[in-house]
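Chains, contacts and geometry: an overview
The lines below spell out each chain.
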Amino acid sequence: MIVDIVDIKDRFHEIENLFPNVFTYDSISRDLENNPFSHYLVYLLDNKIIGFINYYFIYDRVEIANFNILEQYQNNHYGSKLLEEVIMRSIDKKNITLEVRCDNNKAIKIYQKYGFKKKAIRKNYYHGIDGILMEKEMNNMKKDIYVLGIESSCDETSISIIKNGIEEISTVTSTQIDIHKDYGGVVPEIASRNHIKNVTIVLEECLNKANMTMDDIDAIAVTYGPGLIGSLLVGLITAKTLSFIHNKPLIPVNHIAGHIYANSLVEELKFPLLAVVVSGGHTELILMEDHYKFKKLGGTLDDAIGECYDKVARIIGLEYPGGPKLDKLAKEGKNTYNLPIPKQDNTYDFSFSGLKSAVINLVHNEEQRGNEINKADLAASFQKVAVESVVNKIEKAIQDNDIKMVIVARGVAANTAIREEVAKVCEKENVKLSIPDFKYCTDNGTMIAAAGYYAYLDGRVADLKLNSVSQDKLA
Ligand code: KG4
Ligand code: ZN
């Protein structure tokens, strides 16, 4: 597996010790701090560090500065894999250059195989030995990348093909809403069985619609978690089988990352980015400093906001899922009930269980006094504080992290008050706001393919040991 060195910060000293001819103590962190052009990729074999490549992105040029594979692992194509990865990441650059000792015929041959040409001799470059400057022109390399995305984490079997991370070529979704409606929620076993029934048909239709075959696909992205384990496994096994048969890279995608990347289909992401993930199971603020660099700023300490909406809705007699109905009712009422704004502190965390209890107590007290509750007013009062507690933290996160773009993702992104209030804060702070079109709010293969495209560019390729996980954290 190839990883970016910044993702294994705790292993810098290990790398320095393994390659003492290249590094001194702390030289990697000093280089990264002082040289924004410098990047390192590390080859991990069963989590063992066996080699690295250090390259510079200098505007439209790329320079390979250092390239090492531990001696006992040489001649196994690990070096080629690292080189391929740098070439792939340089696809939109002008050229890649490197220097090699003139007597290192083996390396020169490999570079030539990858299209590097000898350009100049650097006299005495290596203490008495000449160096050869080699260059690979990249201008004509830019090719379209097609990613197939497979989503099956809950009750939609959805497969999509997208081009270059942004252009939707074809999407086919089979939803099981009608099947589960009678049970008042998704029944996991029934969901898995239907995924099995549907997945090959959805795949075939998706390829037919795109007028493509698996040969045209560059990478296969799949949701591996979080979600219902049986449902996830159907998509995962499909992806693994396709990857194995057609020899295509398998890209693991976290479902929440998919919801965030759904926005990249609408407009280009700007970093640092704040992703607000709000649903029946999540209330999280995620900071992204770049593609695939997720950092959790904070989250709920108890109930998720959607869950709280649904519970409060039930207390006032609205049907499940009550969130959208409560949102609608709130519009007809006024903020007359005094409810506490949860977790007004200096953290990025949330808490909704206290607010939920406050509503329950208020309703009981009024009932005991024989007073009738004004449901619309209670809905409006609840909505005001619930939304305010989220929006206050969003504002703090924007100010603290120099945020350029805010994304609101998942079910509760449909809430009208959240949309309005976040829009106000973004306008005040001069930050771009992106909330996905409704069709990208529900689960779909398109968002998985979009997230998969950037994961692929980031070298996040899994082997066939990849497994599904029901509870997976993004950061
Ligand atoms: O992301 P999502 O579709 O699925 C899961 O959480 O699994 O989110 C669903 C949640 C439910 O709790 C639903 O009540 C809530 O999102 N929701 C809303 C609104 N629309 C959906 N909550 C408040 N206002 C809305 N307009
Ligand atoms: Zn989802």
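Residues numbered from 1 in each chain as written. Chains lettered and ligands numbered in written order. Predicted model: local features only at pLDDT ≥ 70, side-chain atom pairs only at ≥ 80, totals over all residues. Heavy atoms only, no water.

Regarding the overall build of the protein chain
Which entries qualify depends on this criterion: The helix and strand labels rest on DSSP assignments: H or I over at least four residues marks a helix, E over at least two residues marks a strand, and numbering proceeds from the N terminus. Every residue pair with non-hydrogen atoms within 4.5 Å of one another is taken to be in contact. A 1.4 Å probe and the Shrake-Rupley method give the accessible areas. Residues count as covered only by the protein chains that appear here. Positive residues here are Lys and Arg, negative ones are Asp and Glu, while His and the chain termini are left out of the count. Lys charges are placed at NZ, Arg charges at CZ, Asp charges at CG and Glu charges at CD.
The secondary structure content of the protein chain amounts to 15 helices and 17 strands. Sequence separation of at least 24 residues holds for 68% of the intrachain contacts in the protein chain that already meet a minimum separation of 6. Entry remark: accessible area of the protein chain is about 22,900 Å², with carbon and sulfur atoms responsible for 49%. Here the protein chain contributes 55 positive and 65 negative side-chain charges, whose respective centroids are spaced 3 Å apart.

Description of the side chain of Asp458
With respect to the helices and strands, Asp458 occurs in the segment after helix H15 (445-457). Apart from residues no more than four positions distant in its own chain, Asp458 is found in contact with Glu85, Arg89, Tyr292 and Lys293.

So, helix H4 (residues 105-113)
Defined as follows: The rule is simple: take the accessible area with a 1.4 Å probe, protein chains only, and divide by the maximum for that residue type; under 20% is buried, over 50% is exposed, in between is partly exposed. Comment: arc refers to directions from the helix axis out to C-beta atoms.
For H4, the full list of buried residues reads Ala107, Ile108 and Tyr111. Around the axis of H4, the buried residues are gathered within 100° of arc, so they sit on the same side. Exposed and facing more than 90 degrees away from the buried side of H4 are Asn105, Lys109 and Lys113. Once H4 ends, the next one or two residues include Gly115, with phi positive near 90°.

Overview of the confidence of the model for the protein chain
Rules: Each residue carries a pLDDT value, the predictor's own confidence for that position, ranging from 0 to 100.
In this model, the protein chain carries a mean pLDDT of 93, and residues with pLDDT of at least 70 account for 99%. Ranking the elements of the protein chain by mean pLDDT puts helix H14 (residues 438-441) last, at 71, and strand E8 (residues 146-151) first, at 98.

Focus on the coordination of the zinc ion (ligand 2)
The following threshold applies: Shown as donors are all N, O and S atoms within 2.8 Å of a metal ion, widened to 3.2 Å for Na, K and Ca; because water is not in the atom set, sites may appear incomplete.
Coordination sphere of the zinc ion (ligand 2), protein contribution only: His255 (NE2), His259 (NE2) and Asp443 (OD), at 2.1 Å. Read in sequence order, the donor residues for the zinc ion (ligand 2) give the motif H-x3-H-x183-D. Of this pair, His255 and His259 both sit in helix H8 (residues 255-261), four residues apart, which is roughly one turn of the helix. In this structure, His255 and His259 share a single accessibility class: buried.

With respect to the site of ligand 1
Keep this limit in mind: Definition of nearness: a residue and a molecule or strand are near each other if at least one heavy atom of the residue lies within 4 Å of the molecule or strand. For the purposes of these results, a polar contact is taken to be a pair of N or O atoms within 3.5 Å, where, inside protein, one atom must be able to donate a hydrogen and its partner to accept one; residues adjacent in sequence count only when each atom of the pair is a side-chain atom. For this classification, the nonpolar set comprises Ala, Val, Leu, Ile, Met, Phe, Trp, Tyr, Cys and Pro, the charged set comprises Asp, Glu, Lys and Arg, and every other residue, Gly included, is treated as polar.
Residues in contact with ligand 1 amount to 15 residues; listed here are only the nearest, Gly280, Asp310, Asp327, Gly411 and Asn415. Within the side chain of Asp327, an N or O atom sits 2.9 Å from a nitrogen atom of ligand 1. Protein chains bury 74% of the 550 Å² of accessible surface belonging to ligand 1 in isolation. Among the elements of the structure, helix H9 (305-315) and helix H10 (323-330) are those that each provide at least two residues to the shell around ligand 1. Within the shell around ligand 1, the residues separate by chemical class into five nonpolar, seven polar and three charged.

Some details on the pairing of strand E5 (residues 95-101)
The following threshold applies: Handedness is read with the strands pointing away from the viewer; a crossover is right-handed when the path from the first strand over the helix to the second is clockwise. In short, DSSP must find at least two bridges between two strands for them to pair.
Burial of E5 is extensive: six of the seven residues sit out of reach of the surface. For the crossover from strand E4 (residues 61-69) across helix H3 (residues 78-89) to E5, the handedness is right-handed. Summarising the sheet, E5 and strand E7 (residues 129-137) pair through seven bridges and their orientation is antiparallel. Across the sheet, the residue bridging to Val100 is Ile132, located in E7.

A few points about the nonpolar core
Basically, it comes down to this: Residue types Ala, Val, Leu, Ile, Met, Phe, Trp, Tyr and Cys, when buried and joined through side-chain atoms within 4.5 Å, form a set referred to as a nonpolar core.
Of all hydrophobic cores here, the largest spans 51 residues; its most connected members are Leu274, Phe382 and Val406. Of all the secondary-structure elements, those providing two or more residues to this core are strand E13 (273-278), strand E14 (283-290), H9, H10, helix H11 (353-368), helix H12 (375-401), strand E16 (405-409) and helix H13 (416-429). A per-element tally of this core places H12 first, with 13 residues. Residues contacting Leu274, with those up to four places away along its chain left out, are Leu285, Ile286, Leu297, Ile394, Ala397, Ile398, Ile403, Met405, Val406 and Ile407.

Quick word on the pairing of E13
For E13, the tally of buried residues reaches six of six residues, placing the bulk of the element in the interior. Here E13 shows a buried face lined by Leu273, Ala275 and Val277 and a second buried face lined by Leu274, Val276 and Val278. Bridge count between E13 and E14: six bridges; the pairing is antiparallel. In the strand pairing of E14, Val278 is matched with Thr283. Between E13 and E14, which follow one another and run antiparallel, lie four residues. Alignment of E13 against E16, held across five bridges, turns out to be parallel. Note on E16: the bridge partner recorded for Ala275 is Ile407.

Concerning the environment of Val100
Tracing the chain through its elements places Val100 in strand E5. Under the relative-accessibility criterion, Val100 is labelled buried at 4%. When the C-alpha positions of Val100 and Ile132 are compared, they lie 5.3 Å apart, and in sequence the two are 32 residues distant. Residues within four places of Val100 in sequence aside, it is in contact with Ala107, Ile108, Tyr111, Tyr126, Asp130, Gly131, Ile132 and Met134.

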